[in-house]
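# Structural description and commentary
The residues making up each chain are set out below.
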Amino acid sequence: MALTSGLGGQLSIDLGALARNWRALDKVSAGALTGAVVKADAYGTGITMASKALHAAGARFFFAATPDEGMAVRAAVPDAHIFVLNGLYPGAANLYIRQNLMPIISSMAMLEEWLAKCLERNEAYPSAFHFDTGMNRFGFRLNEASLVRDRIQTLGYAPQMVMSHLACADQPNHEKNRTQLALFGSVMNQFPGVPASLANSAGLMTGRDYHFQMVRPGIALYGGRAVNGRKNPMAPVVTLHVPILQVKEARTGETVGYGATYSLSRDSRLAIIGHGYADGFFRSLSGNNMRPGGKVAIRGKLCPVIGRVSMDQITVDITELGTDIPSPGEGAEVLGNLIGVDDQADAAGTIGYEVLTSLKGRYSRNYIGDGNLPA
């Protein structure tokens, strides 16, 4: 592939695929509203453009992690309903109100600060309540549910939504899913008539028992695998091509890269590629003589990374290309049709979430299409 713009890597984000993924998940969620999780710069795809495309596709409810992310969504999509997953930052209530952001309240301290601001301004500003059903991360403890209920009843306040988060949804048969579902039902009984949300991408795909009134897909929107052990049905959203800088010959017994961790067992042809861990290509994708590393695709064939991944370069063995020798300036596919996000994640011993959210390298970004595609 020839690189078409700039001299560095080229990251392409297919907004049409993003929109199609949201619409596909919206069909699966059926009677439930389908939100869109756009935290971490929309999983590395760019929160402004992704939010606009998702809104054009039909999304109206957005989930950001921080108030800064929430404000970015607000600027991109003025009429969005925006929840802040990290909750109410101390002393920041005025900012949330000014930007029309809904904190997801997860502690008594957050609740009291938010209610105090509501009383001060004589306005029931919207929020959601998060209950911990087994994640031991954010959320009120289950034994606080009645305290929360009694506290808001004295003021006539009702949340926009009660929610929890599944710990093992990527393993649909895990017993913890059913346990959390039952515990969440006990929370809902304390808040009759209040909409509820439990399902992330994997929960959405696990079954309608987990859907309630709103689902919150994240990774699946961006083409990543949500459920382990199943074929990923989502369209890929991200492709990444990086430049080949040099092609060289190397001899049997010579070593490659820092630490001399890879020794050549044959005369080889190598491609030096302008891409490294500073660009989000993990050091764990290094290849040595004991274990293979990651791969990139060159001229339609997968080629192994050999030696250690360094900050700015990787070395790839292209001997198997034979006489089909690439030229400096050509692009090598790091993510695309031959190597998916989860392929690189599996090789690195991590998850697709980390691959996507690490795409902060020295790339030119190219957005393809938008959300205004036929349903």
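Just above sits the structure.
Keep in mind the model is a prediction, meaning the values are calculated, not measured. (Residues numbered from 1 in each chain as written. Predicted model: local features only at pLDDT ≥ 70, side-chain atom pairs only at ≥ 80, totals over all residues. Heavy atoms only, no water.)

The next point concerns the overall build of the protein. Helices and strands together make up the secondary structure of the protein, namely 11 helices and 19 strands. If one aligns the C-alpha atoms of the protein with their principal axes, the spans along those axes are about 80 × 40 × 40 Å. Split into buried and exposed, the 375 residues of the protein put 51% on the buried side. Considering only residue pairs separated by 6 or more positions, the protein has 66% of its internal contacts joining residues 24 or more positions apart. When the accessible surface of the protein is split by element, carbon and sulfur atoms take 52% of a total near 16400 Å². Separation of charge centres in the protein, based on 34 positive and 31 negative side chains, amounts to 2 Å. (Helix = DSSP H or I, 4+ residues; strand = E, 2+ residues; numbered from the N terminus. Buried < 20%, exposed > 50% of the residue type's maximum accessible area, 1.4 Å probe, protein only. Contact = heavy atoms within 4.5 Å. Areas by Shrake-Rupley, 256 points an atom, 1.4 Å probe, with all protein chains shown as cover. Lys, Arg positive; Asp, Glu negative; His and termini not counted. Charge placed at Lys NZ, Arg CZ, Asp CG, Glu CD.)

Moving on to the pairing of strand β17 (residues 314–317). Burial of the side chains of β17 extends over both faces: Ile314 and Val316 are buried on one face and Thr315 and Asp317 on the other. Here strand β16 (residues 301–306) runs beside β17; their pairing, made up of two bridges, is antiparallel. Following the sheet pairing, valine 305 is matched in β17 by valine 316. (Pairing = 2+ DSSP bridges.)

Moving on, we get to helix α3 (residues 47–57). Owing to its 3.6 residues per turn, the α-helix brings residues three or four apart onto one side. By the burial criterion, the buried members of α3 are Ile47, Ala50, Ser51, Ala53, Leu54, His55 and Ala57. Looking one or two residues beyond α3, the residue adopting positive phi is glycine 58, at roughly 130°.

Moving on to the packing of aromatic side chains. With the rule as written, the count across this model stands at 11 aromatic pairs. Pairing phenylalanine 129 with phenylalanine 191 gives two aromatic rings, centres 6.4 Å apart and planes at 80°, and the pair type is edge-to-face. Taken together, the residues span a long stretch of sequence, with phenylalanine 129 in strand β7 (residues 128–130) and phenylalanine 191 in the loop between α8 (175–188) and β9 (196–197) at a distance of 62 residues. Among the residues examined, phenylalanine 191 registers a relative accessible area of 5% and is labelled buried. An angle of 45° between the planes, with centres 5.5 Å apart, marks the rings of phenylalanine 131 and phenylalanine 191 as tilted. Residue phenylalanine 131 is found in the loop between β7 and α7 (145–155), and its partner phenylalanine 191 is found in the loop between α8 and β9; the two are separated by 60 residues along the sequence. For the pair formed by phenylalanine 131 and phenylalanine 191, the shared burial category is buried. (Phe/Tyr/Trp six-rings, centres within 6.5 Å; stacked < 30°, edge-to-face > 60°.)

Before going further, it helps to examine the nonpolar core. Leu54, Trp114, Phe129, Ile273 and Ile298 are the most contacted members of the largest nonpolar core, which has 108 residues in total. Those residues in contact with phenylalanine 129, other than ones at most four positions away along the chain, are Ile105, Leu111, Phe140, Val148, Ile152, Tyr157, Pro159, Met161, Val162, Met163 and Phe191. Counting residues in hydrophobic clusters, the runner-up holds six residues, among them Ala250, Val256, Leu264 and Ile306. (Core = buried A, V, L, I, M, F, W, Y, C linked by side-chain atoms within 4.5 Å.)

Taken N-terminus to C-terminus, the directions of helix α6 (residues 108–121) and α7 make an angle of 5°; their axes are 12 Å apart at the nearest point. The pairing of α6 with α7 is recorded here as roughly parallel in orientation. Facing Met108, Leu111, Glu112, Leu115 and Leu119 of α6, the residues of α7 in contact are Val148, Arg151, Ile152 and Leu155. Across the contact of α6 with α7, the residue classes tally to seven nonpolar, no polar and two charged. (Axes fitted to C-alpha atoms, helices over the stretch in contact; angles between N-to-C directions. Parallel < 35°, antiparallel > 145°, perpendicular 65-115°, else oblique. Nonpolar A, V, L, I, M, F, W, Y, C, P; charged D, E, K, R; others polar.)

Take unusual backbone geometry next. Although it is not a glycine, asparagine 136 adopts a positive phi angle of roughly 55°. Following the sequence through the fold, asparagine 136 ends up in the loop between β7 and α7. Given the relative accessible area of 61%, asparagine 136 is considered exposed. A positive phi angle is found at alanine 260, which is not glycine, with a value near 50°. Relative to the elements of secondary structure, alanine 260 occurs in the loop between β12 (255–256) and β13 (262–263).

Below, the discussion takes up the environment of tyrosine 96. Relative to the helices and strands, tyrosine 96 is located in helix α5 (residues 93–99). When sequence neighbours within four positions are dropped, the list of residues in contact with tyrosine 96 reads Pro67, Val84, Gly87, Leu88, Tyr89, Leu101, Pro103 and Trp114. Side-chain polar atoms of tyrosine 96 contact the backbone nitrogen of tyrosine 89, separated by 3.2 Å. (Polar contact = N/O pair within 3.5 Å; in protein donor to acceptor, adjacent residues only side chain to side chain.)

Take the environment of alanine 72 next. With respect to the helices and strands, alanine 72 occurs in helix α4 (residues 67–76). Residues alanine 72 and isoleucine 244 lie 172 residues apart in sequence; the distance between their C-alpha atoms is 35 Å.

Take the side chain of histidine 165 next. Note that histidine 165 resides in the loop between β8 (161–163) and α8. Histidine 165 gets classed as buried once you look at its relative accessible area, which sits at 19%. Looking at histidine 165, its side chain comes within polar contact range of the side chain of arginine 216, at 3.2 Å.

Moving on, we get to the environment of alanine 116. Looking at where alanine 116 falls in the secondary structure, it is placed in helix α6. Look at alanine 116 and you get partly exposed, because its relative accessible area is 40%. Along the sequence, alanine 116 and alanine 196 sit 80 residues apart, while their C-alpha atoms lie 24 Å from each other.

So, about the packing of helix α1 (residues 15–29) against α3. Put simply, α1 and α3 touch, their axes get as near as 9 Å, and they point 45° apart. Judged by the inter-axis angle, α1 sits oblique to α3. With respect to the hand of their crossing, α1 and α3 are arranged in right-handed fashion. Side by side, α1 and α3 meet where Leu15, Leu18, Ala19, Trp22 and Arg23 of the first sit next to Met49, Ala50, Ala53, Leu54, Ala56 and Ala57 of the second. Taken together, the residues of the contact of α1 with α3 sort by class into 10 nonpolar, no polar and one charged. (Left-handed = near helix turned anticlockwise from the far one by under 90°.)

Just distances and angles here, no functional claims.
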